[in-house]
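Letter by letter, the chains look like this.
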Amino acid sequence: MIDLLQYEFMQRALIAALLVGLAAPAIGTFMVQRRLALLGDGIGHVALTGVALGFLTGTAPVLTAVAVSVLGAVAIELVRERGRTGGDVALALLFYGGIAGGVLLISLAPGGSNSNLLYYLFGSISSVTTEDVWVIALLAAAVLGVVTFFGRELYVLCQDEEVAKASGLPVRFLSLLIAVTAALTVVIAMRVVGLLLVSALMVVPVATSQQITRSFRSTMLLSMLFGMAATVSGLTSSFYVKVPSGAIIVVIALGGFVLALGLGRFVRRSRPQESSP
């Protein structure tokens, strides 16, 4: 680990990995609780259009990805709420439109090709620059700020939307807030695990902690710990084993889920059964 930290690019990568591992499961807990686990995938495909737009206009792909992802997240939430189209169909529209838009725009960009999108599709954490680290840090702070200040209201919404309405909570605003925060998280994580795998880092640590904990707060805190452990261990493994960092991070996260699933079943079976009267 010490020799890994001797390289500046790995220092930047480690900071980015820790921030992503912290922020992604935080908002992912609300997404899983509200049964929007695939929202990250849909937004990830839309973010691809934003990346391609950055190449086309000659601006920073990360910033255009933020703008397009936020617009896409708002659009899907409005379609889900107002339209007759179901949430799964709206997500499918994002999937197809995002991929098609990204490929189309990158082909129109000067000197652009589909290979330019590979770093964002599959992640390239070793190429993270100092500017990228600052952008990731700011976006991660925004995500954690939303979770901190609106956590109680978002919890009520995710438990029961009708109860949230009866309680006088701004349901539409909170729903849009979850979608927009998820969009920011996707952009945060795309350089670490890639747009195709970003949803895994938002969902798998949460599913892992659910096998062990019972309360919502404990699930969130433990999922954030699992997220940071997966990103750091995956980054370290990719450095020594020479494998793609995004893929190994997700594989490690899935391995943690399998272990937690087995541990949870063992604990439940080992509890003494109450004798029937």
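So, here's what we can say about the structure. (Residues numbered from 1 in each chain as written. Predicted model: local features only at pLDDT ≥ 70, side-chain atom pairs only at ≥ 80, totals over all residues. Heavy atoms only, no water.)

**Digging into the pattern of salt bridges**
The test is simple: Only one rule defines a salt bridge in this text: a Lys or Arg side-chain nitrogen within 4 Å of an Asp or Glu carboxyl oxygen. Only DSSP runs of H or I covering at least 4 residues are called helices, and only runs of E covering at least 2 are called strands; the numbering of each starts at the N terminus.
Counted by the stated rule, this structure contains 2 salt bridges. The salt bridge involving E161 is made with R34; its shortest N-O contact spans 2.7 Å. Highlighted residues: E161 in helix α7 (residues 161-166) and R34 in the loop between α1 (8-33) and α2 (39-57), separated in sequence by 127 residues. Where K165 meets E161, a salt bridge forms, and the shortest distance between an N and an O atom there is 3.9 Å. Of this pair, K165 and E161 both sit in helix α7, 4 residues apart, which is roughly one turn of the helix. One connected set of salt bridges, linked through shared partners, spans R34, E161 and K165.

**Topic: helix α9 (residues 198-210)**
For the record, the criterion: Classification of residues uses two cut-offs on accessible area relative to the type maximum, computed with a 1.4 Å probe and protein chains only: under 20% is buried, over 50% is exposed, and between them is partly exposed.
For α9, the buried fraction is high: 12 of the 13 residues fall into the buried class. Within α9, burial applies to V198, S199, A200, L201, M202, V203, V204, P205, V206, A207, T208 and S209.

**Points about the packing of aromatic side chains**
Spelled out, the test is: Ring geometry is summarised as follows: Phe, Tyr and Trp rings, the Trp one being its six-membered ring, pair when their centres sit within 6.5 Å, and such pairs are stacked at plane angles under 30 degrees, edge-to-face over 60 and tilted between the two. The criterion is that NZ of a Lys, or CZ of an Arg, lies within 6 Å of the ring centre and within 35 degrees of the ring normal, and then a charge sits over that ring.
Considering all chains together, one arrives at 4 aromatic pairs under this definition. Their ring planes at 50° and their centres at 5.2 Å tell us that F30 and F216 sit as a pair that is tilted. One end of the pair, F30, is in helix α1; the other, F216, is in helix α10 (residues 216-241), and 186 residues separate them in sequence. Ring pairing ties together the aromatic residues F30, Y155 and F216, which thus form one cluster. If you follow K242 out to its NZ or CZ, it ends over the ring of F239, 5.3 Å from the centre.

**Looking at the packing of α9 against α10**
Rules: Lines fitted to C-alpha atoms define the axes here, with helix axes fitted over just the stretch in contact, and angles between the N-to-C directions of these axes take values from 0 to 180 degrees. Reported orientations rely on four angle classes, namely roughly parallel under 35 degrees, roughly antiparallel over 145, roughly perpendicular from 65 to 115, and oblique for the rest. For a crossing to be left-handed, the near helix must be turned anticlockwise from the far one by less than a right angle; the clockwise case is right-handed. The contact definition used throughout considers only heavy atoms, calling two residues in contact when any of these lie within 4.5 Å. Residues are grouped as follows: Ala, Val, Leu, Ile, Met, Phe, Trp, Tyr, Cys and Pro are nonpolar; Asp, Glu, Lys and Arg are charged; every other residue, Gly included, is polar.
Across the interface, α9 lies against α10 with an axial gap of 8 Å and an inter-helix angle of 125°. Between α9 and α10, the angle is such that the two are oblique. For the pair α9 and α10, the sense of crossing is right-handed. Along the contact surface, α9 presents L201, P205, V206, T208, S209 and Q210, while α10 presents T219, L222, S223, F226, G227 and T231. Partitioning the contact of α9 with α10 into residue classes produces 5 nonpolar, 7 polar and no charged.

**Looking at the nonpolar core**
To be explicit about the condition: In this text, buried Ala, Val, Leu, Ile, Met, Phe, Trp, Tyr and Cys residues form a nonpolar core when linked through side-chain atoms within 4.5 Å.
Core analysis: the biggest nonpolar cluster contains 71 residues, and F30, M31, M190 and M202 have the highest contact counts within it. Beyond its immediate chain neighbours, meaning those up to four positions away, F30 contacts V147, G151, L154, Y155, C158, F216 and M220. With 5 residues, the next largest nonpolar core counts A200, A230, V250 and A253 among its residues.

**Some remarks on a nonpolar patch on the surface**
What counts here: Candidates for patches are residues over 30% relative accessible area with no salt bridge; among them, like charges are joined within 9 Å and nonpolar side chains (Val, Leu, Ile, Met, Phe, Trp, Tyr) within 5 Å. Where accessible areas are quoted, they stem from the Shrake-Rupley method and a 1.4 Å probe; at the residue level, only the protein chains shown are allowed to cover.
Residues L118, F122 and L196 make up a contiguous nonpolar surface patch of roughly 270 Å² in combined accessible area. Of note, L196 is situated in the loop between α8 (171-189) and α9.

**Side note on α2**
Residue pairs three or four apart in sequence face the same way in an α-helix, which turns once every 3.6 residues. Filter applied, for reference: Expected helix span is computed as 1.5 Å times (number of residues minus one).
With 19 residues, α2 extends 27 Å between its outermost C-alpha atoms, agreeing within 8% with the 27 Å of an ideal straight helix rising 1.5 Å per residue. Counting buried positions along α2 gives 15 out of 19 residues, so the element sits mostly inside the fold. A positive phi of about 75° marks G58, the residue just after α2.

**Quick notes on the side chain of T213**
Worth spelling out the cut-off: Counted as a polar contact is a pair of N or O atoms within 3.5 Å, where, for protein atoms, one must be capable of donating a hydrogen and the other of accepting one, and residues adjacent in sequence contribute only when both atoms are in side chains.
Mapped onto the fold, T213 is located in the loop between α9 and α10. Of note is the side chain of T213, whose polar atom sits 2.8 Å from the backbone oxygen of S209. A distance of 2.8 Å separates the side chain of T213 from the side chain of T219, its partner in a polar contact. Aside from chain neighbours lying at most four places away, what touches T213 is S218, T219 and L222.

**Some thoughts on the packing of α2 against α8**
For the pair α2 and α8, the least separation of the axes is 9 Å and the interaxial angle reads 60°. The angle between the axes of α2 and α8 places the two elements in the oblique class. By crossing handedness, the relation of α2 to α8 is classed as right-handed. Touching L39, G40, I43, G44 and A47 of α2 are A179, A182, A183 and V186, all from α8.

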